[in-house]
Amino acid sequence: LHGHTGSVYSIAVSADGSRIASGSADQTIRIWSSYTGETTVGPLVGHTDQINSIAFSPHGRLLASGSDDHSVRIWDMETGLQVGLPLLGHLNSVRSVAFSHNDERIVSGSLDGTVRGWNVITGQSISKCSIGCGVLSVAFAPDGKYIISGSGDRKVRILDAETLGIVREPLEGHDSWVWAVAYSPDGKRIVSGSGDQTIRVWDAETGETVLGPLRGHAATVYSVAFSPDATGSRIVSGSQDGTIRIWDAHTGTTV
């Protein structure tokens, strides 16, 4: 799919699988048909620096984006227009954005060391958590009750989605920055990828490592995800080593 004039740093797929969104260093977002590969909406213009993260709302009506320009923006997927004003409050690059399960909130993580929660309707920042080091990845639990974050202090944190208060002690084990985090579809496990070239799977309730560290990548793991089946039986990871790996999420073996 050609059209961007700079590096593509983030992609997202709509819940119904019909659309792909891409965010780029060219400061634009494009929406593509997953069936034809044609650009159907965009380029969406508004950010003034590279776009690091994009996320569809669960119902597919909206898209959120986070950028090095310190802002989060919301876009209407039918018109391609920006919804409201930029969401401002972060003091450094916004590295990750995610929608809640009901489309009502957005969470963002920034290199300013904070996680912020936003009201989608009003655009107001409704909660904030100061972690003290760069936040590289955030994700909602499937039921919307919790948020996880991965950060530069090598830790994974579980936060209350309403207040952004820290629920329990940080999950520790990685030896470098945690670049990517994700929940399993049933909300029982968390997966993380790190600059230490490994992947870990954690019990979301106890915080214990239940699998890993999974070794195989030869460079930083920048992206991880569970497969969408009920229990998340597979994990996929993408690394700076130029490879994608698929793992059995129960045994840790490379599939």
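Throughout, a residue's number is its position along its own chain's written sequence, starting from 1. The predicted origin of the model limits local features to residues at a pLDDT of at least 70 and limits the giving and counting of side-chain atom pairs to 80 or more, whereas totals for whole chains, interfaces and linings rest on all residues. Only hydrogens and water are set aside when side-chain values are computed; all heavy atoms of the structure are taken into account.

Q: Run through the overall build of the chain, naming residues and quoting values.
A: Only runs of H or I of at least four residues qualify as helices and only runs of E of at least two qualify as strands under DSSP, and these elements are numbered from the N terminus. In terms of helices and strands, the chain carries 0 helices and 22 strands. Radius of gyration means the value over C-alpha atoms here, while the globule rule gives 2.2 Å times the residue count to the 0.38 power. For a compact globule of 255 residues, the expected C-alpha radius of gyration is about 18 Å, and the chain comes in at 17 Å, within 12% of that figure. In terms of its C-alpha atoms, the chain occupies a principal-axis envelope of roughly 45 × 40 × 30 Å. Summary of the burial criterion: residues with accessible area below 20% of their type's maximum are buried, those above 50% are exposed, and those between are partly exposed, where the area comes from a 1.4 Å probe applied to protein chains only. Classification of the 255 residues of the chain by burial places 53% in the buried group. The contacts in the chain between residues at least 6 apart in sequence include a share of 38% that link residues at least 24 apart. Summing over all exposed atoms, the chain offers an accessible surface of approximately 11200 Å²; the carbon and sulfur share of this is 49%. We call two residues in contact whenever any of their non-hydrogen atoms come within 4.5 Å of each other. Using a 1.4 Å probe, the Shrake-Rupley method yields the accessible areas, and only the shown protein chains count as cover for residues.

Q: Could you give me a rundown of unusual backbone geometry, with the residues and numbers involved?
A: Cis geometry is adopted by the peptide bond preceding Pro43, which originates at Gly42 and carries an omega value of 10°. Relative to the helices and strands, Pro43 resides in strand E4 (residues 39-45). In this structure, Pro213 follows Gly212 across a cis peptide bond, with omega equal to 10°. Tracing the backbone through its elements, the reader meets Pro213 in strand E19 (residues 209-214). Notably, Gln27 is not glycine yet its phi reads approximately 75°, a positive angle. For Gln27, the location among the structural elements is in the loop between strand E2 (19-24) and strand E3 (28-33). For Gln27, a relative accessible area of 30% corresponds to the partly exposed category.

Q: Let's hear about the sheet that holds strand E14 (residues 155-160): which residues, and what values?
A: Strands are treated as partners if at least two bridges between them are detected by DSSP. The strand order E12-E13-E14-E15 describes an open sheet built from 4 strands, whose pairing is antiparallel. Only two strands of the sheet have a single neighbouring strand rather than two, namely strand E12 (135-140) and strand E15 (171-172). Bridge count between strand E13 (residues 146-151) and E14: 5 bridges; the pairing is antiparallel. When the sheet's bridge partners are listed, Ile148 is paired in E14 with Ile158.

Q: Lay out the pattern of salt bridges with the relevant residues and their values.
A: Side chains that differ in charge, positive against negative, can pair when their charged atoms come close. We count a salt bridge whenever a side-chain nitrogen from Lys or Arg sits within 4 Å of a carboxyl oxygen from Asp or Glu. A complete count under the given rule lists 5 salt bridges for this structure. Close ionic contact of Arg157 with Asp153 constitutes a salt bridge, the shortest N to O distance being 2.8 Å. Measuring nitrogen to oxygen at the nearest pair gives 3.6 Å for the salt bridge that ties Asp248 to Arg234. Within this pair, whereas Asp248 is found in strand E22 (residues 244-248), its partner Arg234 is found in strand E21 (residues 234-239), the two being separated by 14 residues in sequence.

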